[in-house]
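Residue-level listing of the chains:
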Amino acid sequence: SPDGRRRRSASPAARHGAGRPPRRAEEPEALPPAGAIFRGRVVSIRPFGAFVALDGYRKHGLVHISQLAPRRVESVEEVLTEGQDVWVKVLPSEDPAKVSLSLRQVDQSTGADLGDEAPRRGRRNEAEAEDGAPRNADGSFAWGKLEPLERGGPEEEEEEEAAPKQQPNFARTGKLAEASNTVNGVVLKSAEPSDAAKPTKHWRLYVFKGKEALEPYHIHRQSSYLLGRERRVVDLPLDHPSCSGQHAVLQFRLTAKSDTGKLVRPYLMDLGSTNGSFINGEKIEPEKYVELLPQDVLRFGYSSREYVIINADV
């Protein structure tokens, strides 16, 4: 140094910050408890619902379009506007990182809890009887009561003993159908029903990863779309490890309606996947077609991606 004195170099411990107080680990973000009612403000409106900021919490909650009112809502803008103050109730959620809210379960004038007394949106599935035939609660046909048969005398017993031997069965084994339902060496788990039809409306499947909107799918160009991880055969890939190779199928079907004639409606069927398929957070029964309504939110397995079906012609 200019004054001839040597400067003392810092010790290795001082250079690495020894003696400083240890950094505190970040605490997990607090979330509102399920069942609690809060005052909030609408910060964003999407086709499938609205995001609401809650007083005292940083994380925004989602009010799905089905939780806006006790009636069917075609558009979120019918009920809410950005910046509007509302009362909301926190709903239980399977994903601890998400906050699900309900508007219809709270009195908007007083903030009182109304409970979940609103009627559920009706769905049609393939088990419904459109022909008026009597059915059981599970959708199966209600057959008449079985009565024991009255056996006849010795003559009928002799006729039974003289019955011909079983003949060879030359009925179809299904192998030919299996071969015709094979794509790229993979046997498909589903075959299109007899009422399959190409849609007449311009349907879209919007994809959201959290709050990020991804490229939408145009799903009006063919009658069915296979979803899953097996990219050799699927139309819409699901790459999450919890999804199955052939997870579900989105099928358009020609159905009859009394007032407007025949319409082509979208249906979803889970193909017996390992971790299931969900519509608006509800797990659907596998291997049964369930009708999809505009603005329904689809989720597959444990993937966080959400798929919103929209009719672009409306």
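Throughout this document, residue positions are counted from 1 along each chain, in the order its sequence is written. Only residues with pLDDT of at least 70 get local features here, since the model is predicted, and only at 80 or more are side-chain atom pairs given and counted; chain-wide, interface and lining totals rely on the full set of residues. Side-chain numbers here rest on the full set of heavy atoms in the structure, without hydrogens or water.

Q: How do you make sense of the nonpolar core when you look at a structure like this?
A: Across soluble globular proteins, nonpolar side chains have a tendency to be buried as a group. With 23 residues, the main nonpolar core has Ile219, Leu268, Leu298 and Phe300 as its most contacted residues. Secondary structure elements follow DSSP: runs of H or I no shorter than four residues count as helices, runs of E no shorter than two count as strands, and numbering proceeds from the N terminus. For this core, the secondary structure elements donating two or more residues are β8 (203–209), β11 (224–228), β13 (248–257), β14 (261–270), β18 (297–300) and β19 (305–311). Apart from residues no more than four positions distant in its own chain, Phe300 is found in contact with Leu227, Leu238, Cys243, His247, Ala248, Leu268, Gly276, Ser277 and Tyr307. Core analysis: the second largest hydrophobic core is formed by 20 residues, Ala36, Leu68, Val73 and Val99 among them. We call a set of buried residues a nonpolar core when its members are Ala, Val, Leu, Ile, Met, Phe, Trp, Tyr or Cys and they connect through side-chain atoms within 4.5 Å of each other. For the exposure calls, accessible area comes from a 1.4 Å probe over protein chains only, and a residue counts as buried if that area is under 20% of its type's maximum, exposed if over 50%, partly exposed in between. We call two residues in contact when some of their heavy atoms are within 4.5 Å.

Q: Could you clarify how one ought to interpret the confidence of the model for the protein chain in this entry?
A: The predicted structure's coordinates, where accompanied by low pLDDT, should not be read in detail. Per residue, pLDDT captures the predictor's confidence, and it can take any value from 0 to 100. Of all residues in the protein chain, 70% attain a pLDDT of 70 or more, and the chain-wide mean is 80. Below a pLDDT of 50 lies the segment residues 118–122, which in the model reaches 11 contacts outside its immediate sequence neighbourhood of four places, other chains included.

Q: Which parts of the structure should I look at to understand the pairing of β11?
A: Looking down a regular strand, the side chains alternate between one sheet face and the other. Counting buried residues along β11, five of its five residues qualify, which places the element largely inside the surrounding structure. Burial along β11 is two-sided: Ser224, Leu226 and Gly228 facing one way and Tyr225 and Leu227 facing the other are all buried. Bridge count between β11 and strand β12 (residues 236–237): two bridges; the pairing is parallel. Note on β12: the bridge partner recorded for Gly228 is Pro237. Strands qualify as paired when DSSP identifies two bridges or more between them.

Q: How should the sheet that holds strand β4 (residues 85–91) be read in this particular structure?
A: Pairing is mixed around the closed barrel formed by five strands, whose spatial order is β1-β2-β3-β5-β4. For this sheet, the mean inter-axis angle between neighbouring strands, taken without regard to orientation, is 55 degrees. Bridging between strand β1 (residues 37–46) and strand β2 (residues 49–54) involves six bridges; their strand directions are antiparallel. By the bridge assignment for β2, Gly40 is matched with Leu54. Helix axes are fitted to C-alpha atoms over the stretch in contact, other axes to C-alpha atoms as well, and angles between N-to-C directions run from 0 to 180 degrees.

Q: Sorry if this is basic, but what is going on with the packing of aromatic side chains here?
A: Each pair of aromatic rings is reported with the distance of its centres and the angle of its planes. Each Phe, Tyr or Trp ring, with Trp reduced to its six-membered ring, pairs with another whose centre is within 6.5 Å; inter-plane angles below 30 degrees give stacked pairs, above 60 give edge-to-face pairs, and intermediate values give tilted ones. One pass over the full model with this rule turns up five aromatic pairs. Aromatic pair Phe38 and Tyr57: ring centres 5.5 Å apart, planes at 85 degrees, arrangement edge-to-face. Here Phe38 is found in strand β1, whereas its partner Tyr57 is found in the loop between β2 and β3 (61–64), with 19 residues between them in sequence. Assessed through its relative accessible area of 15%, Phe38 is described here as buried. Residue class for Tyr57 comes out partly exposed when judged on its relative accessible area of 24%.

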